[in-house]
Amino acid sequence: MERFGNRSFKWLMILGPLLILGLVYLFLSSTTSTKKNWKVLIMDKNEIFDGKLTASRPQNLSFDFINAFVEYDDFAKDEKYKDYDLAVQINEKIVSNKHVIISYKEYPPENIQRHLVYYVERRLEEIMVEQFTDLSVSKFRDIKQSLQFNLKDANDPRNEKSTTASWVGFGFGILIILFVFMFGMTILRSVAREKSNRIVEVLLSSVKARQLLTGKVLGIGFSALIQFTAWVVIIGFGLYVFRLTLFPDMFSAGFVADEIAKEGAQNPLSNQSPFVELIYSQIHYTNMLIFFTLFFLGGYLFYGSFFAMIGASMGSESDGQQFVIPITLLLFLAVLSGYYTVYYPGTILSEWIGFIPFTSPMVMMVELSNGFEDGSAWKLFLSLAILFISAFFMMRIAGRIYKNGILRFNHRLKLNMLLKWTKK
């Protein structure tokens, strides 16, 4: 109730998610391509398309045909292809395997991708109707199979450096660390304030020290969960509004055809951010939010016990400040461990730090966003179990230190004193 009566708590509940939505909007806007014209190289070795893709092309898409196949490395670095942004490989078995590879130098916006796919599919339909069937184009489209398009980075065709999914987990992990630090400091300030104004002496006449500490940690934790729920609702609603206003009907089945019909051949295509599909289609929010909540609870209880220890045992304000620094460094180490896991997943070190309670909330959110191989999901649950067991033991130790230190004043806090209090 004290937290809900705090004005800063109420403001953070509203302004926090609005700030995140603002950053998301700036991120999507800043990553939108500024290219006016995208040059596409159609590699049609068997001349299946006969040098033609569409009768009327949009103003910011231009096509050139070549009756040869160009290797990825040559397309990316050869001087003669420097002006091309995209390359479409039309293989000789496209009619049967329905597979098309599009390589890029700069990741194309979602709208450019969809229009290019639209033109390639429509051209192949015309060819198949002309050469293999007696049906009309409209009837053939009712029974035809769609092509499968695969986008590849010309500089990284094996997709070895793709870390998009990892950064999603890293973002969730950063939120865990932010909430843990924010509400951990709330525990420390609350304990220190009650100790300095001597109100704790009155409270301890009615309840045990361990009960008081448990109630404080859980009370602040519940307020954190309520604030987090408010963040989820506001951010979710904000993303829904973005979806309706900034990217309307972008993922509907008939969107591209309708848009082309409305735009006409001469109107330039809009350049949507390539991260729009990531935010609206590729993040499994249910799984991420469930395990975000579990790892936040475990991390909060684990780190919160340290903040409670410091608040109860410090003899002066300067003592508390110097002991907060190691905890802050541990939280920073957790962030670094998540950064390491983004770029070096699957290494022995990244697996081990996923089970250490100091770093597991951050690391496991990155691992979860990448997905676990069949039969390896046990790592996620083992990490959770270790985190909660460690939090339980740390809360017991914090209870001992709280009981010994909450009524002591004007002493110099030393490490050996804390060790002594954990034994008595």
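We now turn to the structure provided with this report. (Residues numbered from 1 in each chain as written. Predicted model: local features only at pLDDT ≥ 70, side-chain atom pairs only at ≥ 80, totals over all residues. Heavy atoms only, no water.)

1. Here's the deal with the overall build of the chain
Consideration 1: When you go through the chain residue by residue, the secondary structure sums to 16 helices and five strands.
Consideration 2: Looking at the chain as a whole, 45% of its 424 residues qualify as buried.
Consideration 3: Taking all contacts inside the chain whose residues are at least 6 apart in sequence as the whole, residues at least 24 apart take part in 76%.
Consideration 4: Looking at the chain as shown, the accessible area adds up to about 22700 Å², and 59% of this sits on carbon and sulfur atoms. (Helix = DSSP H or I, 4+ residues; strand = E, 2+ residues; numbered from the N terminus. Buried < 20%, exposed > 50% of the residue type's maximum accessible area, 1.4 Å probe, protein only. Contact = heavy atoms within 4.5 Å. Areas by Shrake-Rupley, 256 points an atom, 1.4 Å probe, with all protein chains shown as cover.)

2. With respect to a positive patch on the surface
Consideration 1: Taken together, the side chains of K208, R210, R396, R400 and K403 present a region of like positive charge at the surface.
Consideration 2: Here the positive patch takes three residues from helix α15 (residues 378-405), the largest share from any one element.
Consideration 3: Relative to the elements of secondary structure, K208 occurs in the loop between α7 (199-203) and α8 (209-245).
Consideration 4: Note on K208: relative accessible area 61%, which makes it exposed. (Patch = residues over 30% accessible without salt bridge, like charges linked within 9 Å, V, L, I, M, F, W, Y side chains within 5 Å. Salt bridge = Lys/Arg side-chain N within 4 Å of Asp/Glu carboxyl O. Lys, Arg positive; Asp, Glu negative; His and termini not counted. Charge placed at Lys NZ, Arg CZ, Asp CG, Glu CD.)

3. Let's talk about the packing of α8 against α15
Consideration 1: Where α8 contacts α15, the axes come no closer than 9 Å and their chain directions differ by 125°. Our classification of the angle between α8 and α15 gives oblique. When you trace α8 past α15, the crossing you get is right-handed. Contacts between α8 and α15 involve A209, R210, L212, L213 and V217 from the former and M395, R396, A398, G399, R400, Y402 and K403 from the latter.
Consideration 2: Classifying every residue of the contact of α8 with α15 by side-chain character gives seven nonpolar, one polar and four charged. (Axes fitted to C-alpha atoms, helices over the stretch in contact; angles between N-to-C directions. Parallel < 35°, antiparallel > 145°, perpendicular 65-115°, else oblique. Left-handed = near helix turned anticlockwise from the far one by under 90°. Nonpolar A, V, L, I, M, F, W, Y, C, P; charged D, E, K, R; others polar.)

4. Notes on the packing of aromatic side chains
Consideration 1: Scanning the model with the defined rule gives 17 aromatic pairs in all.
Consideration 2: The interplanar angle of 90° and the centroid separation of 6.1 Å between the aromatic rings of F179 and F228 together place this pair among those described as edge-to-face. In this pair, F179 sits in helix α6 (residues 164-196) while F228 sits in helix α8, placing the two residues 49 residues apart along the sequence. Both residues of the pair, F179 and F228, count as buried.
Consideration 3: With a centroid separation of 5.7 Å and 75° between ring planes, the pair formed by F392 and F393 is classed as edge-to-face.
Consideration 4: An aromatic cluster is present here, built from F172, F179, F183, F228, W231, F292, F296 and Y300 joined pairwise through their rings.
Consideration 5: A cation sits over an aromatic face here: K39 above Y84, 5.0 Å from the ring centre. (Phe/Tyr/Trp six-rings, centres within 6.5 Å; stacked < 30°, edge-to-face > 60°. Lys NZ or Arg CZ within 6 Å of the ring centre and 35° of its normal.)

5. Description of the environment of I94
Consideration 1: Locating I94 in the fold gives a position in helix α3 (residues 94-97).
Consideration 2: Using a relative accessible area of 0% as the deciding quantity, one classes I94 as buried.
Consideration 3: Residues I94 and L147, spaced 53 residues apart in sequence, show a C-alpha to C-alpha distance of 8.5 Å.
Consideration 4: In this view, I94 contacts I48, H99, V100, L124 and L147; residues no more than four positions away in its chain are not counted.

6. A look at the side chain of K216
Consideration 1: Structurally, K216 can be placed in helix α8.
Consideration 2: Classification of K216 as buried rests on a relative accessible area of 10%.
Consideration 3: With residues near it in sequence (within four places) discarded, K216 still touches I187, S190, V191 and E194.

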